[in-house]
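Close look at the chain arrangement
As a plain string of letters, each chain reads:
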Amino acid sequence: KNEVEQSPQNLTAQEGEFITINCSYSVGISALHWLQQHPGGGIVSLFMLSSGKKKHGRLIATINIQEKHSSLHITASHPRDSAVYICAVSSYNTDKLIFGTGTRLQVFP
Amino acid sequence: GAVVSQHPSWVICKSGTSVKIECRSLDFQATTMFWYRQFPKQSLMLMATSNEGSKATYEQGVEKDKFLINHASLTLSTLTVTSAHPEDSSFYICSARWAGGNQPQHFGDGTRLSIL
């Protein structure tokens, strides 16, 4: 079993829909990261959080430390949101990130 | 802020060639840089971690003589794929982070390497 599990693996949506991507982890963490990988390969760091909730524009990330679970929400989705969304965690005892397998999102007009 | 520039973005070369990829932090000092490899539709795989002024720490199974990493300054790390072969063809991406507590990693745009 992977230390970081994401669901769903693939997601299609119509423009305007509300989207949720889930991430569960099984290790102790110092922070959880949500990353966006564009079709060309470049990666953007969307959020780093260790508790509660963060919001940036139409994106919202939440984390429940007790349940070891995080969600990424996209409100009013748009075709430009189409990308792979990756959940990653920083564990307590290492610099390294542990990555989920990613969620491939396609938003159609 | 926190821009990481990776160059080149795309390389095609013949088998046996050595290829150097640069990773630069443009507006911050990166005490730690990470090099990843990614195969199609797979997650990022950490190859090595480099700290400025010291030798890189390689992950298990990554050949240090094959993938030479240099982090000579706080804004530049390089990955050299020596005597590249077709099986080295992949997407390579770096990230950089500055010191001090729990800091996020900032990623470059990646380099797509194709060895003929």
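Our subject is the structure listed above.
Definitions and cut-offs
Every chain's residues receive numbers from 1 upward, in the order its sequence appears when written. Chains and ligands are labelled by the order in which they are written, letters from A for the one and numbers from 1 for the other. Confidence filtering applies because this is a predicted model: local features only for residues at pLDDT of at least 70, side-chain atom pairs given and counted only at 80 or more, and all residues used for totals across whole chains, interfaces and linings. As a rule here, side-chain values cover all heavy atoms of the structure and leave hydrogens and water aside. Two cysteine sulfurs form a disulfide in these notes if their separation is within 2.5 Å. Secondary structure counts use DSSP, requiring at least four H or I residues in a row for a helix and at least two E residues in a row for a strand, with both numbered from the N terminus. Each residue is placed in one exposure class: buried if its accessible area under a 1.4 Å probe, protein chains only, is under 20% of its type's maximum, exposed if it is over 50%, and partly exposed if it falls in between. For this analysis, residues touch if any pair of their heavy atoms sits within 4.5 Å. Buried area adds together the accessible area that both of two parts lose upon being put together, with accessible area traced by a 1.4 Å probe. Each reported salt bridge corresponds to a side-chain nitrogen of Lys or Arg within 4 Å of a carboxyl oxygen of Asp or Glu. In protein, a polar contact requires one atom able to donate a hydrogen and another able to accept it; more generally it is a pair of N or O atoms within 3.5 Å, and residues adjacent in sequence count only if both atoms are side-chain atoms. Whether two aromatic rings pair depends on their centres lying within 6.5 Å, for rings of Phe, Tyr and Trp, where Trp uses its six-membered ring; planes under 30 degrees apart make the pair stacked, over 60 edge-to-face, and the rest tilted.

1. Focus on the state of the cysteines
All names here are of chain B. Following the criterion strictly, the structure yields two disulfides over all chains and no others. Put simply, Cys23 and Cys94 are joined by a disulfide, and their sulfur atoms are 2.0 Å apart. When the S-S torsion is 80°, as for the bridge of Cys23 with Cys94, the disulfide is right-handed. With a gap of 71 residues between them, Cys23 in strand S3 (residues 19-25) and Cys94 in strand S9 (residues 90-97) connect regions that are remote in the sequence. Accessibility classification places Cys23 together with Cys94 in one group, the buried group. The thiol of Cys13 is not disulfide-bonded; the next cysteine sulfur, from Cys94, is found 18 Å away. Accessibility expressed as a relative area gives 11% for Cys13, which makes it buried.

2. Observations regarding the interface of chain B and chain A
If you look at the interface, chain B gives 20 residues, while chain A gives 19 residues. For the pair chain B and chain A, the summed buried area comes to about 1500 Å², and 53% of that belongs to carbon and sulfur atoms. Between Lys96 of chain A and Glu59 of chain B there is a salt bridge, with its nearest N and O atoms 3.0 Å apart. Between chain B and chain A we count three residue pairs in polar contact (both at pLDDT 80 or more) in total. Secondary structure elements with two or more residues in the side of chain B that touches chain A: strand S4 (32-38) and S9 of chain B.

3. Some remarks on the packing of aromatic side chains
Residues and elements named next belong to chain B. Going through the model one piece at a time under the given rule, you end up with five aromatic pairs over all chains. When the ring of Tyr36 is compared with that of Phe107, the centres are 5.9 Å apart and the planes differ by 35°; the resulting orientation is tilted. Taken together, the residues span a long stretch of sequence, with Tyr36 in strand S4 and Phe107 in strand S10 (residues 106-107) at a distance of 71 residues. A relative accessible area of 7% places Phe107 in the buried class. With a centroid separation of 6.3 Å and an interplanar angle of 45°, the aromatic rings of Phe67 and Tyr92 are classed as tilted. Placement of Phe67 in strand S7 (residues 67-73) and of Tyr92 in strand S9 is noted, with a sequence separation of 25 residues between them. Relative accessible area serves as the criterion here: at 0%, Tyr92 is assigned to the buried category.

4. Examining the pattern of salt bridges
All names here are of chain B. Throughout the structure, instances matching the rule amount to four salt bridges over all chains. Among the salt bridges present, the one from Arg24 reaches Glu22, with a minimum N-O distance of 3.4 Å. Looking at Glu22, the relative accessible area reads 24%, which means it is partly exposed. The salt bridge partner of Lys66 is Asp88, with a shortest N-O separation of 2.7 Å. Of this pair, Lys66 sits in the loop between strand S6 (57-58) and S7 while Asp88 sits in the loop between strand S8 (76-81) and S9, and the two are 22 residues apart along the sequence. Under the relative-accessibility criterion, Lys66 is labelled buried at 13%.

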